[in-house]
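# A look at the structure
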Amino acid sequence: MSVPESKYLSPIWRDDIFKGKVIFVTGGAGTICSMQTRAMVRLGANACILGRNASKTEAAAKDIATARPGAKVIGIGECDVRKIESLEAAAARCAKELGGIDYVIAGAAGNFVASIDGISSNAFKTVMDIDVLGTYNTIKATLPHLLRSPSPRLLAVSATFHYTGMPFQAHVAAAKASVDSLIASVALEYGPRGVVANVIAPGPIAGTEGMARLASSKPEQIAEYERAIPSGRFGTVRDIADATVFLLSDASSYINGQVIPVDGASWRRQGAY
Ligand code: HXC
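None of these values were measured; they are calculated from a predicted model. (Residues numbered from 1 in each chain as written. Predicted model: local features only at pLDDT ≥ 70, side-chain atom pairs only at ≥ 80, totals over all residues.)

## Here's the deal with the overall build of the chain
Our working rule: Runs of E in the DSSP output that reach at least two residues are strands. Runs of H or I that reach at least four are helices, and both are numbered from the N terminus. We compute the radius of gyration over the C-alpha atoms and compare it with the globule rule, which gives 2.2 Å times the number of residues raised to the power 0.38. The burial label depends on the number of other C-beta atoms within 10 Å of a residue's C-beta. Counts of 20 or more mean buried, 12 or fewer mean exposed, and intermediate counts mean partly exposed, with C-beta atoms placed from the backbone.
When its secondary structure is counted, the chain shows eight helices and seven strands. Taken over C-alpha atoms, the radius of gyration comes to 18 Å for the chain, in line with the 19 Å a tight globule of 273 residues would show. Projecting the C-alpha coordinates of the chain onto the three principal axes gives extents of approximately 50 × 40 × 40 Å. In the chain, which comprises 273 residues, the proportion classed as buried is 44%.

## Let's talk about the site of the ligand
What counts is decided by this rule: By definition, a residue lies near a molecule or strand provided its backbone-derived C-beta atom is within 6 Å of it. Amino acids outside the nonpolar list (Ala, Val, Leu, Ile, Met, Phe, Trp, Tyr, Cys, Pro) and the charged list (Asp, Glu, Lys, Arg) are all regarded as polar, and Gly is one of them.
Gly110, Phe112, Ser120, Ala123 and Gly210 are the nearest of the 17 residues found near the ligand. Broken down by element, the shell around the ligand gets its largest block of residues, four residues, from helix H4 (residues 121–146). Each residue belonging to the shell around the ligand can be placed in one class, and the counts come to nine nonpolar, six polar and two charged.

## Brief notes about the sheet that holds strand S2 (residues 46–50)
Definition in use: The pairing criterion for strands is at least two bridges between them, as found by DSSP. The axes are straight lines fitted to the C-alpha atoms, using for helices just the contacting stretch, and the angles between their N-to-C directions are given from 0 to 180°. Note on contacts: residues are paired as contacts if their backbone-placed C-beta atoms lie within 7 Å.
The strand order S3-S2-S1-S4-S5-S6-S7 describes an open sheet built from seven strands, whose pairing is parallel. In the strand order of this sheet, the two ends are held by strand S3 (73–76) and strand S7 (259–262), each with one partner. Strand after strand, the sheet turns through a mean of 15° between neighbouring axes, direction not considered. Alignment of strand S5 (residues 153–157) against strand S6 (residues 196–202), held across five bridges, turns out to be parallel. If you follow Ala156 over to S6, its bridge partner there is Val199. Sitting on the sheet, helix H8 (residues 237–248) touches strand S4 (103–106), S5, S6 and S7, and the angle it makes with S6 is about 170°.

## A few points about the nonpolar core
As a reminder, the rule being used: Buried Ala, Val, Leu, Ile, Met, Phe, Trp, Tyr and Cys residues whose C-beta atoms connect them within 7 Å together make up a nonpolar core.
Membership of the largest hydrophobic core comes to 75 residues, with the highest contact counts inside it found for Met40 and Ala47. Setting aside residues no more than four positions away along its own chain, Ala47 makes contact with Ile23, Val25, Thr37, Met40, Val41, Ile64 and Val73.

## Focus: the pairing of S3
Which entries qualify depends on this criterion: By the criterion used throughout, a crossover qualifies as right-handed when its path from the first strand across the helix to the second strand runs clockwise, the strands pointing away from the viewer.
Here S3 shows no split at all, with Val73 and Gly75 on one side and Ile74 and Ile76 on the other all buried. Pairing between S2 and S3: four bridges, direction parallel. Counterpart to Cys48 in the pairing with S3 is Ile74. Since S2 and S3 lie parallel, the crossover through helix H2 (residues 54–65) that links them has a hand, and here it is right-handed.

## Quick notes on the confidence of the model for the chain
Keep this limit in mind: A score from 0 to 100, pLDDT tells how confident the predictor is in each residue.
Looking at the chain as a whole, the pLDDT averages 95, with 99% of positions reaching at least 70. This complex was scored by the predictor with a pTM of 0.96 and an ipTM of 0.95.

## As for the environment of Val157
In this structure, Val157 sits in strand S5. Residue classification places Val157 among the buried residues on the basis of 26 C-beta atoms within 10 Å. Not counting residues within four places of it along the chain, the set of residues in contact with Val157 comprises Ile32, Cys33, Ile105, Ala106, Gly107, Ala109, Ile200 and Pro202.

Structural data, given as structure tokens:
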């Protein structure tokens, strides 16, 4: 699949801002994380993306590599973020084959729509394990490599549900609150060693798996929902990719330990829907 550059990157960025850098991305074959990675690769980085599905992850890696001639993109499938060993092996392979790890996106997530009493204890635990333990494992496995980088950056992908609470998303809201908290502690603990750690919190982004799982299938309800978004539109993967480029660039090096919603001010109206 060839993706026109205007779909995932504003034309304001300089070509080589990430030249010589390496980015490691969990959930890297997903709609949002693959576009975040594609933008970084287009602007000079090489990348290692991880996923549970081997063929999907390898195909995504090949596709992302087309963003820049000469780009190296490794796809590592059968990597479950709930298992620290598989992340440690992937991080070691990334460092060996690409020369290190400068940036990490912890993007792997699990989600389904279900009421609090409609899910099993194990279902709740599954989402907590993928989102929270998975983010912790990603940090733990990559920190030894990040600490060797001159510009170590961590970016977790969260959500905005937990600011207000969200019906049928209690499991996800609880998990994302923990992700935000984890990243704040990383900034405090490792900021003195040069690590910059932030969270990007996408709002309603069109065309994503999250939206497909969460949104109504009725066009009139979708249109009503879109009209209520203060910025007047659903977000795009380009909105997230552009914000990612900024948050991983030197232009944002004093933004540390923060959660940045990229949501057209949606969460401020969350309770009003
Ligand atoms: C209720 C469910 C369920 C559902 C699974 N379970 N799906 N319960 N409703 N729809 C229960 C199962 O019955 C089981 O509990 C437990 O969850 C574990 O299920 P498994 O299928 O064994 O788990 P696993 O194979 O690890 O799959 C994890 C998953 C799956 C989360 C259930 O959907 C997945 O792999 N998702 C990854 C991709 C994904 O979700 N992407 C969307 C991210 S979007 P029992 O008791 O039966 O054992 C996102 C955005 C959020 O995060 C913010 C958007 C704005």
